[in-house]
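Fold and contact review
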Amino acid sequence: MRKNIVAGNWKMNCSLPEGKKLASEVIHMVQDEVQNNAQIILIPPFIHLTGIHSLIGSSSNIFLGAQNCHQESNGAFTGEVSAAMLVSCGASHVILGHSERREYFHETDELLASKVKFALDNGLTPIFCCGEKLEVREAGNHENLVRSQVDEALFGLSEEEIQKVVIAYEPVWAIGTGKTASAEQAQEMHAFIRNQIASKYSQGVAEEISILYGGSVKPENAREIFSQADVDGGLIGGASLKSRDFTNIVKAFD
Ligand code: 13P
């Protein structure tokens, strides 16, 4: 049964003290106020993982994620971090294929296929991101683009493996722009992705996979977006840096 998830992608923000303060606030607010059992994933920069992990402690619904990992186990890859290293710091999840990594670091679906497989082999849950740029949507090619992203990066996985993946649909035109996809647009794309998985694997497999929406999710719009049949939560950027906003987004599932 697929889970409701709210993940906070801090991107390249927060010093360690700022990150610890933010995480502590979120952890306390969530414990005191949240009534649903959504999974919450805090995704700070690599160097804060250990510090934030010790704050999360044994909380059963708050998890730790990283924003990327390398596709090799170890070696001469200066500046890179392996999946096993993330696990050793307490991470259970890793974002792969965020549009910022595709755009600024030229990550391809072929590369992402190997990262996803490697993350799974190391026991991490990949949060695989897909989504189209504005010009692609305006040209009416958004479904084709997302289909090829999902196909190329995920469809080499076995039935057992793909059920461990979380997918995040993040239309690039909605990221950090304040322009959210409408609830209908989000539902349409999430249903499209789920149908694609059902066609490749089975309806049962498709029903197991959480598909998150990302792109200018705020406390004001979270409830409507999350209430869509195929939207299982959100991957939150800007609003995850404010403990009150992030907690209120989690409370949209109450
Ligand atoms: P914003 O919520 O700031 O639009 O960012 C979304 C995102 O990129 C999450 O990964």
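Scroll up to find the structure.
Residues numbered from 1 in each chain as written. Predicted model: local features only at pLDDT ≥ 70, side-chain atom pairs only at ≥ 80, totals over all residues. Heavy atoms only, no water.

Next up on the list: the overall build of the protein. The helix and strand tally for the protein stands at 12 helices and 8 strands. Computed over C-alpha atoms, the radius of gyration of the protein comes to 17 Å, within 12% of the 18 Å expected from 2.2 N^0.38 for 254 residues, which places it in the range of a compact globule. Each of the three principal axes of the protein carries a C-alpha extent, and together these read 45 × 45 × 35 Å. Burial analysis of the protein (254 residues in total) assigns 54% to the buried set. Put simply, of all contacts in the protein between residues at least 6 apart along the chain, 71% involve residues at least 24 apart. Of the roughly 11,100 Å² of accessible surface on the protein, a fraction of 50% belongs to carbon and sulfur atoms. Computed over 21 positive and 32 negative side-chain charges, the separation of the two mean positions in the protein equals 4 Å. (Helix = DSSP H or I, 4+ residues; strand = E, 2+ residues; numbered from the N terminus. Rg over C-alpha atoms; globule rule 2.2 N^0.38 Å. Buried < 20%, exposed > 50% of the residue type's maximum accessible area, 1.4 Å probe, protein only. Contact = heavy atoms within 4.5 Å. Areas by Shrake-Rupley, 256 points an atom, 1.4 Å probe, with all protein chains shown as cover. Lys, Arg positive; Asp, Glu negative; His and termini not counted. Charge placed at Lys NZ, Arg CZ, Asp CG, Glu CD.)

Okay, the layout of surface pockets next. There is about 470 Å³ of room inside the largest pocket. For the largest pocket, the lining is made up of 16 residues, of which Lys11, Met12, Gln67, Arg101 and Phe105 are closest to its centre. Of all the elements, helix H4 (residues 99–104) adds the most residues to the lining of the largest pocket, at 3 residues. Among the residues making up the lining of the largest pocket, the classes are represented as 7 nonpolar, 5 polar and 4 charged. Put simply, the second largest pocket is a space of about 240 Å³. For the second largest pocket, the lining is made up of 13 residues, of which Ser99, Arg102, Glu103, Lys133 and Val172 are closest to its centre. Listed by contribution, the elements that provide at least two residues to the lining of the second largest pocket are H4 and helix H7 (142–154). Considering each element in turn, the lining of the second largest pocket owes the most residues, 5 residues, to H4. Across the lining of the second largest pocket, the residue classes break down as 5 nonpolar, 3 polar and 5 charged. (1 Å grid on protein atoms, 1.4 Å probe; cavity = no way out; pocket = protein on both sides within 12 Å on 5 of 7 lines; lining within 4 Å. Points joined across faces, edges and corners; volume = space filled by probe spheres on them. Nonpolar A, V, L, I, M, F, W, Y, C, P; charged D, E, K, R; others polar.)

Attention now moves to the site of the ligand. In the neighbourhood of the ligand, the contacting residues comprise Asn9, Lys11, His98, Glu170, Ala174, Ile175, Gly176, Gly215, Ser216, Leu235, Gly237 and Gly238. Glu170 is positioned such that a nitrogen or oxygen atom in its side chain is 2.9 Å from an oxygen atom of the ligand. Here an oxygen atom of the ligand and a backbone polar atom of Gly176 are 2.6 Å apart. The fraction of the free accessible surface of the ligand (300 Å²) that becomes covered by protein chains is 95%. Of the residues that constitute the shell around the ligand, the class distribution is 3 nonpolar, 7 polar and 2 charged. (Near = heavy atom within 4 Å. Polar contact = N/O pair within 3.5 Å; in protein donor to acceptor, adjacent residues only side chain to side chain.)

Scanning the entire structure with this criterion turns up 3 aromatic pairs. Between the aromatic rings of Tyr169 and Tyr213, the centroid separation amounts to 6.4 Å while the plane-to-plane angle is 55°, which identifies the pairing as tilted. Taken together, the positions of Tyr169 in strand E6 (residues 166–169) and Tyr213 in strand E7 (residues 211–214) put the pair 44 residues apart, joining distant regions of the chain. Among the residues examined, Tyr169 registers a relative accessible area of 0% and is labelled buried. (Phe/Tyr/Trp six-rings, centres within 6.5 Å; stacked < 30°, edge-to-face > 60°.)

Moving on, we get to the sheet that holds strand E8 (residues 233–236). The 8 strands lie next to each other as E1-E2-E3-E4-E5-E6-E7-E8, forming a closed barrel whose pairing is parallel. Between one strand axis and the next, the sheet turns by 25° as a mean value, whatever way the strands run. Summarising the sheet, strand E5 (residues 125–130) and E6 pair through 4 bridges and their orientation is parallel. The residue of E6 that forms the bridge with Ile127 is Val166. The strands touched by helix H2 (residues 49–56) within the sheet are strand E2 (39–43) and strand E3 (62–66), with E3 carrying the most contacts at an inclination of about 175°. Against the sheet, helix H12 (residues 243–250) contacts strand E1 (5–9), E2 and E8, and its axis sits at roughly 160° relative to E1. (Pairing = 2+ DSSP bridges. Axes fitted to C-alpha atoms, helices over the stretch in contact; angles between N-to-C directions.)

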